[in-house]
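# Breakdown of the fold
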Amino acid sequence: MSSVVLVLNCGSSSVKFALYDPLTDRRLLSGLAERVGTPQASVTVNFPEGRRELGDLDGTDHTGVLNRVLHGLQGWLAEQGHRITAVGHRVVHGGEKFSSSVLLDEATMAAVHECVPLAPLHNPANIAGVEAATEALPDIPQVGVFDTAFHQSMPPVAYRYAVPSEWYAELGVRRYGFHGTSHRYVSEAAAEHLGRPLGELRMITAHLGNGCSLAALREGVSVDTSMGLTPLEGVVMGTRSGDIDPGLPGYVQDRTGADLAQITNDLNKRSGLLGLSGVSNDMREVTSAAASGNPDATLSLQVFEYRLAKYIASLTVAAGGLDVLVFTGGIGQNDARLRSGVLHRLAHFGLQVDESANSRAVGGQAGVISRPGPVTALVMPTDEELVIARDAHRLATAEGSDR
Ligand code: ADP
């Protein structure tokens, strides 16, 4: 029997899962449950032999779905000679309590519960996933991997807001940052790709997907990031505004009578590329609308690129300069036009785009996209699930050896 690791990413109405071989880092299969919590819940598994729908959902909550998934995988696991020996969970918010991945037990789960007010939509779904997996696999170690953990190394000068101190002390109002698993992975992978020690590089990593965030690294750790108390702060995203004047919601409220919840929802779901372009939150669609002459789409691309470059420049203060700039995420890995635009705007740092290398670094291809100079820009595909699988295996194995 060989060990495999189950990776779980539970959202409020979806469960993404994957199985990894911890010895080879290979993803053996993946799957997705959608509309969890409704009678229309469905589960699809991408087996190596092909895609299969799992029917007979015995219960539509996370526990029911997970039981069905595990039951559905049982035959395949036995056939392949595999046994699940660890479960890795993506957990969105670890507050100030977690600066690295942990084994989930009663004490650490109590701390995850305490972080619910910081991520009221996400942490409860993550907790439901842990509870369901613990019930289904009671003897298997469960490991939590937090989106916020990597940024816990930020110094107070980067994470405090200039607001009344009691908001920090009593409510936990500070900058936390997200996408930490991705920033951690691509920073290590980029250093390895360049054959240079991560600890010696002043680096900025740009995770540009539906959500977008940047991290500044110095001596191998995150010293600042663009997202804050919530994922709304920072650069322009698919549907999120990124930074705005904090006076804006009050102004809109006064003028329209909309309440704060509505305005916050608009800033999260109706802003960003979608809000500016009126076309879509999807970079590909906005790009093609701009190419067919839509001026709003063109402006939204320009704002996205301009603010991104401006933010990268500002984070050089945190990194103490800039040696390496890394692009990742669906946009970062594929949008050569945007990368070229950003590098042009950062030319005063000594960045010069290598257009042909840049146009080749798409579709999951890693590579340097700048000409030789003081700053190296590169594309590095991210793999958050792999990090979760590796951490789960490492901590589960360490626990086994303690026994
Ligand atoms: P998520 O953050 O949900 O994981 P992804 O990292 O997959 O999302 O990123 C999704 C974004 O990547 C979308 O805006 C999509 O348009 C963009 N994207 C994917 N492929 C391309 C491409 N070839 N060119 C430009 N943008 C792309």
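For every chain, the first residue of its written sequence is number 1, and the numbers climb from 1 along that sequence. For this predicted model, a pLDDT threshold of at least 70 governs which residues receive local features, and a threshold of 80 or more governs which side-chain atom pairs are given and counted, while totals over whole chains, interfaces and linings are taken from all residues. As a rule here, side-chain values come from all non-hydrogen atoms in the structure, and water together with hydrogens is ignored.

### So, the overall build of the protein
As a reminder, the rule being used: Helix and strand assignments follow DSSP, with helices taken as H or I runs no shorter than four residues and strands as E runs no shorter than two, numbered in order from the N terminus. Radius of gyration: over C-alpha atoms. The globule rule applied is 2.2 Å multiplied by the number of residues raised to the 0.38 power. Throughout, a contact is declared for two residues whenever any of their heavy atoms are within 4.5 Å. Note on areas: these come from Shrake-Rupley sampling with a 1.4 Å probe, and a residue is covered only by the protein chains present in the view. When charges are counted, Lys and Arg contribute as positive and Asp and Glu as negative, whereas His and the chain ends are disregarded. Note that the charge is assigned to NZ on lysines, CZ on arginines, CG on aspartates and CD on glutamates.
A count of helical and extended segments in the protein gives 15 helices and 14 strands. Since a compact globule built from 403 residues should have a radius of gyration of about 22 Å, the 22 Å found for the protein is in line with a globular shape. Projected onto the principal axes, the alpha-carbon positions of the protein cover approximately 55 × 55 × 45 Å. The contacts of the protein with a sequence gap of at least 6 include a subset with a gap of at least 24, amounting to 62%. Total accessible area on the protein stands at roughly 18,200 Å², and carbon and sulfur atoms take up 51% of it. Both charge centroids of the protein, one from 32 positive and one from 44 negative side chains, sit 6 Å from each other.

### Thoughts on the sheet that holds strand E14 (residues 376–379)
Here is the rule we go by: At least two bridges found by DSSP between two strands are what make those strands a pair. Axes here mean lines fitted to C-alpha atoms, for a helix over just the part in contact, with angles spanning 0 to 180 degrees between N-to-C directions.
One open sheet accounts for six strands, arranged E11-E10-E9-E12-E14-E13; its pairing is mixed. The outermost strands of the open sheet, each flanked by one partner alone, are strand E11 (221–225) and strand E13 (367–368). Note that strand E12 (residues 324–328) and E14 share four bridges and pair parallel. Paired with Val324 across the bridge in E14 is Thr376. In the packing of helix H11 (residues 295–319) onto the sheet, the strands contacted are strand E9 (203–208), strand E10 (212–218), E11 and E12, and the crossing angle to E10 comes to about 20°. Packing against the sheet, helix H13 (residues 336–345) makes contact with E9, E12 and E14, and its axis sits at approximately 155° to E12.

### Side note on the UniProt feature "binding site: Mg(2+)" (unreviewed entry) in the protein
The cut-off we apply is this: UniProt positions are given in the numbering used here, feature names are shortened, and annotations may be inferred rather than shown by experiment.
What UniProt calls "binding site: Mg(2+)" (unreviewed entry) maps, in this numbering, to Asn9 and Glu384. Considering the C-alpha atoms alone, the annotated residues occupy 376 residues of sequence yet fold into one spot, their largest mutual distance being 10.4 Å. When you line up the elements, Asn9 lands in strand E1 (residues 2–10). Aside from chain neighbours lying at most four places away, what touches Asn9 is Ser14, Val15, Lys16 and Arg90. The topology assignment puts Glu384 in helix H15 (residues 384–402). Excluding anything up to four places from it in sequence, Glu384 contacts Thr181, Ser182 and His207.

### Description of the environment of Ser30
Stated precisely, the cut-off is as follows: Partly exposed residues are those whose accessible area sits between 20% and 50% of the maximum for their type, while under 20% is buried and over 50% is exposed, using a 1.4 Å probe and protein chains only.
Tracing the sequence through the fold places Ser30 in strand E3 (residues 26–34). By relative accessible area, Ser30 is classed as buried at 13%. As a C-alpha pair, Ser30 and Ala189 span 159 residues in sequence and 23 Å in three-dimensional space.

### Section: the site of the ligand
Convention followed: Here a residue is near a molecule or strand as soon as one of its heavy atoms is found within 4 Å of it. In the analysis that follows, any N or O atom pair within 3.5 Å is treated as a polar contact, provided that within protein one partner can donate a hydrogen and the other can accept it, and provided that, for residues neighboring in sequence, both atoms belong to side chains. Side-chain classes follow a simple rule in which Ala, Val, Leu, Ile, Met, Phe, Trp, Tyr, Cys and Pro form the nonpolar group, Asp, Glu, Lys and Arg form the charged group, and the remainder, Gly included, forms the polar group.
Close to the ligand lie Gly209, Asn210, Gly211, Asp282, Met283, Arg284, Gly329, Gly330, Ile331, Asn334 and Asp335, which account for all nearby residues. Met283 places a polar main-chain atom, nitrogen or oxygen, 3.0 Å from an oxygen atom of the ligand. Look at the ligand: alone it shows 580 Å² of surface, and the protein chains cover 66% of it. At the level of secondary structure, the elements contributing two or more residues to the shell around the ligand comprise helix H10 (283–291) and helix H12 (329–334). The element that contributes the greatest number of residues to the shell around the ligand is H12, accounting for four residues. When its residues are assigned to classes, the shell around the ligand shows two nonpolar, six polar and three charged.

### Remarks on the UniProt feature "site: Transition state stabilizer" (unreviewed entry) in the protein
Mapped onto the present numbering, the UniProt feature "site: Transition state stabilizer" (unreviewed entry) falls on His179 and Arg240. You can see His179 is positioned in the loop between helix H5 (165–171) and helix H6 (180–194). Take His179: its relative accessible area is 13%, and that puts it in the buried class. With respect to the element layout, Arg240 can be found in the loop between E11 and helix H7 (248–256). Taking relative accessible area as the criterion, Arg240 reaches 21% and is therefore assigned partly exposed. The contacts of Arg240, once residues within four sequence positions are left out, are Gly211, Met227, Pro231, Leu232, Leu267, Asn268, Ser271 and Gly272.

### Considerations on the sheet that holds strand E7 (residues 102–103)
Hydrogen bonds between backbone atoms are what pair the strands of a sheet, whose relative direction is either parallel or antiparallel. Spatial ordering of the open sheet is given by E5-E4-E3-E2-E1-E6-E8-E7, a layout of eight strands whose pairing is mixed. The sheet is open, and its two borders are formed by strand E5 (50–54) and E7, each paired with just one other strand. The pairing of E1 with strand E6 (residues 82–91) spans seven bridges and is classified as parallel. In the strand pairing of E6, Val4 is matched with Ile84. Across the sheet, helix H3 (residues 123–136) is in contact with E1, E6 and strand E8 (142–146); its angle to E6 comes to roughly 160°.

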